[in-house]
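# Observations on chain architecture
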Amino acid sequence: MSLRHRSVEKAVVAAVLAIQVIFLHLVDSITGFTVETTKTKALHRMSGLLASSSSSPLDDELSRWAAGAGYGGILSSKPAGSSGWASFRRVELEDPSAPTLFVKSSSKPAATMFEGEFLGLRAMYECSSHWGGGSGEGLRIPQVFHCADIPGGRGSVLVMEYLKLGGRSDDRALGRAVARMHLAPPKASAGNPTEAFGFALDNTIGDTPQPNRWTKGRAGTDEWIEFYRDLRIGHQLNLAGDSYCSQLWEDKIAPRLGLLFEGTDVRPSLLHGDLWSGNIATADGLPTIYDPATYWGHHEAEWGMSWCASFSASFWDGYRSLIPEDEGFLDRKPLYDAYHQLNHYNLFGGGYLGAARGCLESVARKIDVRSDR
């Protein structure tokens with residue numbers, strides 16, 4: 001039974017109860033017989049039914065969107081879990097041709113909570129569909145349909161395609177699918193018409209703000225070095241406030257960062273941005289990745305979380321079959337690890353600071369070796 005039909009049924013029952021209350025009032029006034037207990041019970045039941053028949057602001061927003069999209073009303077809406085910052089629902093629509101929906105809602109505005117994920121998933125869907133998303137060659141990315149504030153300051157909502165997730169299976173297929181996303185050309189339909197590094201808006205990496213100011217168009221290695229220097233490591237170091245790491249970066253690494261990229265032609269690739277094991281699964285027999293911190297960057301930067309992703313030899317075999325390892329990759333790897341280690345320190349504290357220091361010290365040593373050549 002649809003939400004609309006249930007509301008009608010409750011309204012009919014409430015009307016019957018209202019008639020019952022009126023009748024009891026008449027009995028009371030005509031006979032003087034006290035029926036207060038019965039009236040009170042009827043009033044309480046009627047009040048409860050009327051309250052439960054009124055839809056929530058989230059229901060109203062979903063109904064407005066579904067009707068505007070031509071899907072009719074909401075057939076069912078069931079809780080599907082929650083996180084520390086959002087609640088999830090699985091929603092079925094009246095139109096049998098409509099997709100099943102996965103709905104996230106939050107008490108915070110869409111600009112804070114969902115716009116980055118909305119645009120990130122849309123770009124990932126486009127770059128994976130570039131290779132034929134249903135052919136088994138690309139990632140299975142959910143389509144996103146709607147992102148908005150709920151009227152009246154009642155929070156925000158993100159509506160996307162529901163995927164039935166399963167565990168990781170074919171790591172080689174995952175590697176090839178991620179490589180295909182990295183190889184997809186920057187273009188307007190993927191949110192990058194000028195072939196720049198950055199993203200259409202600032203988003204978050206975990207709960208940490210992630211600035212994504214665009215570089216100039218048709219960007220290359222020099223623009224990437226500046227972007228990563230200032231908006232990735234420099235930004236995290238400002239948040240961390242660790243004098244040792246900041247001084248090491250400013251004195252030994254940042255002024256000579258170009259040495260790590262000699263002979264490397266860096267071009268914008270769409271990155272998931274937070275690729276660890278908790279954001280990887282399968283859906284419909286295909287690899288899928290989700291909960292992104294998306295931006296356009298050097299494809300090697302994707303592996304800054306590989307220490308927490310359990311990528312097998314089969315994964316790397318699949319990935320390298322399409323994107324061979326560039327010279328100097330292992331020298332740059334601790335640079336990309338440092339961003340995520342610093343972010344984990346800014347989120348959780350503890351031993352991540354020592355790991356970040358180790359990464360930056362490794363980068364400094366590798367630059368020293370290159371400067372002595």
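The rules we used
- Residues numbered from 1 in each chain as written.
- Predicted model: local features only at pLDDT ≥ 70, side-chain atom pairs only at ≥ 80, totals over all residues.
- Heavy atoms only, no water.
- Pairing = 2+ DSSP bridges.
- Helix = DSSP H or I, 4+ residues; strand = E, 2+ residues; numbered from the N terminus.
- Phe/Tyr/Trp six-rings, centres within 6.5 Å; stacked < 30°, edge-to-face > 60°.
- Buried < 20%, exposed > 50% of the residue type's maximum accessible area, 1.4 Å probe, protein only.
- Lys NZ or Arg CZ within 6 Å of the ring centre and 35° of its normal.
- Expected span 1.5 Å × (residues − 1).
- Bend = angle between axes of the 7 residues up to and from the residue.

## Details of the pairing of strand S2 (residues 87-93)
- Examined bridge by bridge, strand S1 (residues 74-82) and S2 share six bridges and lie antiparallel to one another. Note on S2: the bridge partner recorded for Pro79 is Arg89.
- Counted between consecutive antiparallel strands, the loop separating S1 from S2 contains four residues.
- Relative to strand S3 (residues 101-106), S2 runs antiparallel, the two being bridged by five bridges. Bridge assignment links Arg90 to a residue of S3, and that residue is Phe102.

## Let's talk about the packing of aromatic side chains
- One pass over the full model with this rule turns up 23 aromatic pairs.
- Judged by centre distance (5.0 Å) and plane angle (85°), the ring pair of Tyr228 and Tyr336 falls under edge-to-face. Placement of Tyr228 in helix H7 (residues 221-240) and of Tyr336 in helix H10 (residues 329-348) is noted, with a sequence separation of 108 residues between them.
- With relative accessibility at 2%, the residue Tyr228 sits in the buried group.
- The structure contains a cluster of three or more aromatic residues connected by ring pairs, namely Phe197, Trp224, Phe227, Tyr228, Tyr295, Tyr336 and Tyr339.
- Geometry around Tyr295 places Arg232 over its ring, the cationic atom sitting 4.1 Å from the centre.

## Comments concerning H7
- Between the first and last C-alpha of H7 there are 27 Å, a value that for 20 residues agrees with the 28 Å anticipated at 1.5 Å per step.
- Along its length, H7 shows its largest kink, about 35°, at Gly234.
- Among the 20 residues in H7, 14 count as buried, and that is most of the element.
- Directly after H7, the chain includes Gly241, whose backbone phi takes a positive value near 65°.

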